[in-house]
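One letter stands for each residue in the lines below.
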Amino acid sequence: MTADRPFFITTPIYYVNDAPHLGHAYTTVACDALARFMRLDGRRVKFLTGTDEHGQKVEQSARLAGISPQQFTDRISEAFRDMTRLLDISNDDFIRTTEQRHVRGVQALWQELERRGEIYLGRFAGWYSVRDEAFYDEGELVDGPNGRRAPSGAEVEWLEEENYFFRLSAWQDRLLAYYNANPDAVAPRSRRNEVVSFIKAGLRDLSISRTSFSWGIPVPGNLDHVIYVWLDALANYITAVGYPDSHSPEFSTFWPADIQVVGKDIVRFHAVYWPAFLMAAGLEPPRRVFAHGWWTVEGQKMSKSLNNFIPPKQLVDTYGLDPVRYFLLRELPFGSDGDFSHRAMVGRLNGDLANDFGNLAQRVLVMIGRNCDGCVPAPGELTDDDAALLDSARDLLAVVRGHMAEQAFHLALEAVWRVVGEANRYVDEQAPWVLSRKDPARMRTVLYALAEALRHLAILTQPFVPGAARKLLDQLAVPRRARHFNALADAPLAPGMRLPKPEAIFPRFVEAGAGS
Ligand code: MSP
């Protein structure tokens, strides 16, 4: 059984030069759903997120804002912390790269790499993009309107300076051997192939220090240099569990991470540089890096010039938190690109949530309120139809668990909604409103089966729509201690239990001005 194995999950740490937007919300919500799922499934979870606060870009943004980098990062980091509260994110830790625990850990990592002969001083001459905080080869550049640019479209500059280098070239074969032995260490498969081809094409040593600006962690023993922002940033995943104290209970419990979720744009850093740094320092690479796709908005790329970055607060104010979380996880296969549109969002909200799930819950609870004195009814003997519905509900955990193990959120939700659909068909076929006059005992059995199916659905949807699931569990009078996955089989609804007054869990979205 893996049930009690600890589970460590991370989001990327977000750059503080931009305010939070839909893209950041997406990564964070996906990790939250997985973290909540694992906790409910009995795992001891550490869920880490945070902010990436050093580098030239931040230094420049602070200067533009007319404040010091520290004041600037304090302000924007707080906006990311606010986002976690807004989205009901259950992170256990929030790390900032300007914190002392991190700075100390990064310097220790540097010294360890140096001690092992993995770092040398050399001269760097090449193309650098401040926006991407990345180095590019001549051959990777593309033609842009004003000269050559990075593949991401960012401007590049020719840079020549004395730099420390990490012996990345020496890790090529060991990285390939690692990915051969661990085919699931990068997902989805297309990203794994991309990573393997990149490594096979040949790795060059990586410049890991800069002298042209100062907003960074000083290189131990050479204060003219600051540590390259990606080496600094990636290390957050271990400094947050106590590195360099690698014998601490926290570190040995949680490292290596079970899953590190990132966007497709930063796979190379997480699946090439990061495992190489770790192995070079004598540490294990993460068990899995999952790269998700990118959202466009109403068919367009989010960009400064179009000014179409959607702040998470705007989404939540417009549609409500649970519908936003549901949409992000249901609309796309995790790993694929997709489009966020008002139309698609309202379609899911009014269709899957309000009509299918919300109505089902409302109908059943109102009927119990009216016809069973507001108490969980006592079932009689079950027919095949009743048993079929209950079996589908009981089989759901194993199905959802399988999909969550692959980060296939959309399939997990699809499976849950298949049972919602089945329950809706069952209500229509059994017509308990007719039974209430003709055969009240049979009506009680039907309503019990439905309430019990609802309990399964509510428990299983907690990771995705925690607010609505909580409301539904309250309405079913399921005690707090009986809301984890073990309770699915162990704690069926007790007949006679008094239920509170029903209340809609997913109100419909009504367009402003419509219906008046
Ligand atoms: N600071 C680095 C990560 C360092 S991790 C050691 C960084 N930060 S970021 O703020 O620019 O991006 C964070 C995440 O947001 C990335 O995973 C990125 O893919 C994601 N997204 C940014 N825009 C996005 C969309 N339009 N759609 C989906 N995700 C997007 O990179």
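Okay, so let's go over this structure. Source: prediction; values computed, not measured.

With that settled, consider helix α2 (residues 56-65). Looking at α2, one finds that the buried residues are Q56, K57, V58, E59, S61 and A62. Packed against the buried residues of α2 are β2 (14-15), α3 (69-86), β5 (119-129), β9 (157-166) and β12 (209-210). Of the residues flanking the end of α2, it is G66, one or two places downstream, whose phi is positive at about 75 degrees.

Applying the stated criterion across every chain yields a total of 29 aromatic pairs. When the centroid spacing of 5.5 Å and the interplanar angle of 15 degrees are considered together, the rings of Y120 and F165 count as stacked. Taken together, the positions of Y120 in strand β5 and F165 in strand β9 put the pair 45 residues apart, joining distant regions of the chain. Judged by centre distance (5.2 Å) and plane angle (75 degrees), the ring pair of W127 and W158 falls under edge-to-face. Of this pair, W127 sits in strand β5 while W158 is found in strand β9, placing the two residues 31 residues apart along the sequence.

Quick look at the site of the ligand now. Neighbouring residues of the ligand: 23 residues in total, closest I13, D52, G263, D265 and W295. Within the contact set of the ligand, a nitrogen atom lies 2.9 Å away from a backbone nitrogen or oxygen of I13. In the environment of the ligand, a nitrogen atom lies 2.7 Å from a nitrogen or oxygen atom belonging to the side chain of D52. For the shell around the ligand, the secondary structure elements donating two or more residues are β2, α1 (22-40), α7 (229-234), α8 (236-239) and β15 (259-263).

Working definition: two side chains of opposite charge can pair if their charged atoms are close together. Following the criterion strictly, the structure yields 41 salt bridges and no others. Linking E53 and R96 is a salt bridge whose minimum nitrogen-to-oxygen distance equals 2.7 Å. Note that E53 is positioned in the loop between β3 (45-52) and α2 and R96 in strand β4 (residues 93-96), a separation of 43 residues in sequence. An identical accessibility class is assigned to E53 and R96; each is buried. A salt bridge links E331 to R348, with the shortest nitrogen-to-oxygen separation between them at 2.7 Å. With a gap of 17 residues between them, E331 in the loop between α12 (321-330) and β18 (338-340) and R348 in helix α13 (residues 342-371) connect regions that are remote in the sequence. Owing to a relative accessible area of 18%, R348 belongs among the buried residues under this scheme.

A two-sided burial pattern is seen for β4, the buried positions comprising D93 and I95 on one face and F94 and R96 on the other. Pairing of β3 with β4, which is carried by 4 bridges, proceeds in the parallel orientation. Within the sheet, the bridge partner assigned to G50 lies in β4 and is I95.

Below, the discussion takes up the sheet that holds β12. An order of β12-β14-β13 is seen for the 3 strands of this open sheet, with the pairing classed as antiparallel. On the outer flanks of this sheet lie β12 and β13 (218-219), each paired with one strand and no other. Bridge count between β12 and strand β14 (residues 222-227): 2 bridges; the pairing is antiparallel. Residue pairing across strands places R210 opposite V226, the latter belonging to β14.

About the thresholds
- Residues numbered from 1 in each chain as written.
- Predicted model: local features only at pLDDT ≥ 70, side-chain atom pairs only at ≥ 80, totals over all residues.
- Heavy atoms only, no water.
- Buried < 20%, exposed > 50% of the residue type's maximum accessible area, 1.4 Å probe, protein only.
- Helix = DSSP H or I, 4+ residues; strand = E, 2+ residues; numbered from the N terminus.
- Contact = heavy atoms within 4.5 Å.
- Phe/Tyr/Trp six-rings, centres within 6.5 Å; stacked < 30°, edge-to-face > 60°.
- Near = heavy atom within 4 Å.
- Polar contact = N/O pair within 3.5 Å; in protein donor to acceptor, adjacent residues only side chain to side chain.
- Salt bridge = Lys/Arg side-chain N within 4 Å of Asp/Glu carboxyl O.
- Pairing = 2+ DSSP bridges.

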